[in-house]
Amino acid sequence: MLASFALAEPGGGANWTQTTSTRAVLDGDSYVINGSKVFISNAGEAGVYIVVARTDPAKGPGGISAFIVEKDTPGFSIGTVEKKLGLRGDPTAELLLDNCRVPKQNMLGQEGDVMKIAFANGGLDCAGQAAAAVGLAQAALDETKTYVKERTVVAPSTLANIDVVQSTITEMAIAVESARYYNYGSVMPPEKPGMDPRPLMAAIQAKEMAIDVTGKAITLLGGYGCTIDFPLERYFRDAKTLFMAPPAMTMIKSIIGKILLGVPLGPPPKK
Ligand SMILES: Cc1cc2nc3c(=O)[nH]c(=O)nc-3n(C[C@H](O)[C@H](O)[C@H](O)COP(=O)(O)OP(=O)(O)OC[C@H]3O[C@@H](n4cnc5c(N)ncnc54)[C@H](O)[C@@H]3O)c2cc1C
């Protein structure tokens, strides 16, 4: 069954440990959830949603928990479906939770486990996102190779006979292959226990690579690369949209740095 992970809210996604305002209140044997989520991938298509909600505002990030919400639960509905730059085959929409009641057993793990769950989900999600980035960059490379072999510039020479075109194709191929094998390696079992940043690192590299490779592909096609007669403009839009999918890129590099340095997650200690 397809599932979605619902973290981001209208008030912000990047700083969710501080900005999460969706509330889950224990009432007898159930939690009652109220709030809304935005930009949720697969919304409307998924059968089950992992919804992040604040269970105890006094506990800060330790009072944020995750709940399994099935799509037919009363009080749960899909709101606005976004019209996105790219990845248009993957619906991204708002979730509305209006007195949405779920059994208390639907809490995933323990109260406050959401960082652990987000990281576990993030690892798998990142490997998938890196694979998507590699796939669309490979498609851009394949399309470009076909084009440059057919495009005659100064007869009888094609673009494929020009040094700088050959070098650019080489750079694109190295970038795609490197990201592919880095991603494969990142999902091998870790050498030591604890938070494993490798899938996140592979996703960062693959997403940056896809923007670079699809951009180079458009350059090699010249003006035709910017038209909808060729799929390159779509791959470029998809690459940028994939780059914007969680985890938020500007923040995740800092989080990975903290893990690599052994610095505690969260804001710097107060003096
Ligand atoms: C294609 C796509 C799919 C998505 N799918 C999902 C999904 O399935 N589930 C889900 O929960 N969310 C999803 N999102 C939303 C995503 O989680 C948020 O867009 C992201 O968390 C950033 O939140 P925001 O858009 O509110 O930006 P803001 O929080 O307003 O931030 C704006 C920009 O500033 C940067 N920024 C903000 N604060 C800081 C800081 N303290 N330090 C450094 N940089 C900062 C952010 O990285 C971002 O680039 C998706 C988004 C996209 C584009």
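Residues numbered from 1 in each chain as written. Predicted model: local features only at pLDDT ≥ 70, side-chain atom pairs only at ≥ 80, totals over all residues. Heavy atoms only, no water.

What about the overall build of the chain?
- Within the chain one finds 6 helices and 9 strands.
- Seen through its C-alpha atoms, the chain measures out along the principal axes to roughly 80 × 40 × 35 Å.
- Within the chain, residue pairs in contact and separated by at least 24 positions form 69% of the contacts whose partners lie at least 6 positions apart.
- Of note, the chain has its 26 positive side-chain charges centred 5 Å away from the centre of its 27 negative side-chain charges. (Helix = DSSP H or I, 4+ residues; strand = E, 2+ residues; numbered from the N terminus. Contact = heavy atoms within 4.5 Å. Lys, Arg positive; Asp, Glu negative; His and termini not counted. Charge placed at Lys NZ, Arg CZ, Asp CG, Glu CD.)

Things to note about the packing of helix α3 (residues 163–186) against helix α4 (residues 198–221)
- At a minimum axis separation of 9 Å, α3 and α4 run at an interaxial angle of 160°. Between α3 and α4, the crossing angle belongs to the class labelled roughly antiparallel. The handedness of the crossing between α3 and α4 comes out as left-handed.
- Considering only residue class, the contact of α3 with α4 consists of 15 nonpolar, 6 polar and 3 charged. (Axes fitted to C-alpha atoms, helices over the stretch in contact; angles between N-to-C directions. Parallel < 35°, antiparallel > 145°, perpendicular 65-115°, else oblique. Left-handed = near helix turned anticlockwise from the far one by under 90°. Nonpolar A, V, L, I, M, F, W, Y, C, P; charged D, E, K, R; others polar.)

Details of the domain arrangement of the chain
- With domains assigned, the chain is organised as domain 1 (3–111) and domain 2 (115–261).
- The distance between the C-alpha centroids of domain 1 and domain 2 comes to 30 Å.
- Contacts between the two partners involve 12 residues from domain 1 and, on the opposite side, 11 residues from domain 2.
- Summed over both sides, the interface between domain 1 and domain 2 buries roughly 1000 Å², with carbon and sulfur atoms accounting for 76% of that surface.
- Of all residues in domain 1, F5, L85 and L87 give up the largest surface area on contact with domain 2, accounting jointly for 49% of the area buried on that side. (Domains from an automatic or database assignment. Buried area = accessible area lost by both parts, 1.4 Å probe.)

Some points on the environment of G44
- By the secondary structure assignment, G44 is in the loop between β3 (30–41) and β4 (48–54).
- Linking G44 and S157, residues 113 residues apart in sequence, is a C-alpha distance of 51 Å.
- Look past the residues within four positions of G44 in its chain and what remains in contact with it is Y49 and I78.

Focus: a nonpolar patch on the surface
- On the surface, V153, V154, I162 and V164 cluster together into a nonpolar patch covering about 340 Å² of accessible area.
- You can call V164 exposed: its relative accessible area is 56%. (Patch = residues over 30% accessible without salt bridge, like charges linked within 9 Å, V, L, I, M, F, W, Y side chains within 5 Å. Areas by Shrake-Rupley, 256 points an atom, 1.4 Å probe, with all protein chains shown as cover. Salt bridge = Lys/Arg side-chain N within 4 Å of Asp/Glu carboxyl O. Buried < 20%, exposed > 50% of the residue type's maximum accessible area, 1.4 Å probe, protein only.)

A short note on the site of the ligand
- Lining the immediate environment of the ligand, one finds 18 residues, of which F5, L7, F39, S41 and T250 sit closest.
- The backbone of F5 places a nitrogen or oxygen atom 2.7 Å from a nitrogen atom of the ligand.
- Here an oxygen atom of the ligand and a backbone polar atom of A14 are 3.1 Å apart.
- A total of 950 Å² of accessible area belongs to the ligand in isolation, and the protein chains cover 66% of it.
- Those elements giving two or more residues to the shell around the ligand turn out to be β1 (3–6), β3, α5 (232–244) and α6 (249–261). (Near = heavy atom within 4 Å. Polar contact = N/O pair within 3.5 Å; in protein donor to acceptor, adjacent residues only side chain to side chain.)

With respect to α3
- For α3, spanning 24 residues, the distance from its first C-alpha to its last is 34 Å, which sits close to the expected 34 Å at 1.5 Å a residue.
- Looking only at α3, the buried set comprises V165, T168, I169, M172, A175, V176, A179, R180, N183 and S186. (Expected span 1.5 Å × (residues − 1).)

Some thoughts on the side chain of E233
- Tracing the backbone through its elements, the reader meets E233 in helix α5.
- Excluding its chain neighbours within four sequence positions, the residues that come into contact with E233 are I218, G225, T227 and I228.

Concerning the pattern of salt bridges
- This structure, assessed with the given rule, holds 12 salt bridges.
- In this structure, a network of salt bridges that share partners links the residues D56, K59 and E111.

Concerning the pairing of β3
- Summarising the sheet, strand β2 (residues 23–27) and β3 pair through 5 bridges and their orientation is antiparallel. The partner of L26 across the bridge, within β3, is Y31.
- Where β2 hands over to β3, the hairpin turn is made up of 2 residues, of which G28 adopts a positive phi near 65°.
- Judged from the 9 bridges that link them, β3 and strand β7 (residues 92–103) form a sheet pairing that is antiparallel. Within β7, the position partnered with G35 by the bridge is L97. (Pairing = 2+ DSSP bridges.)

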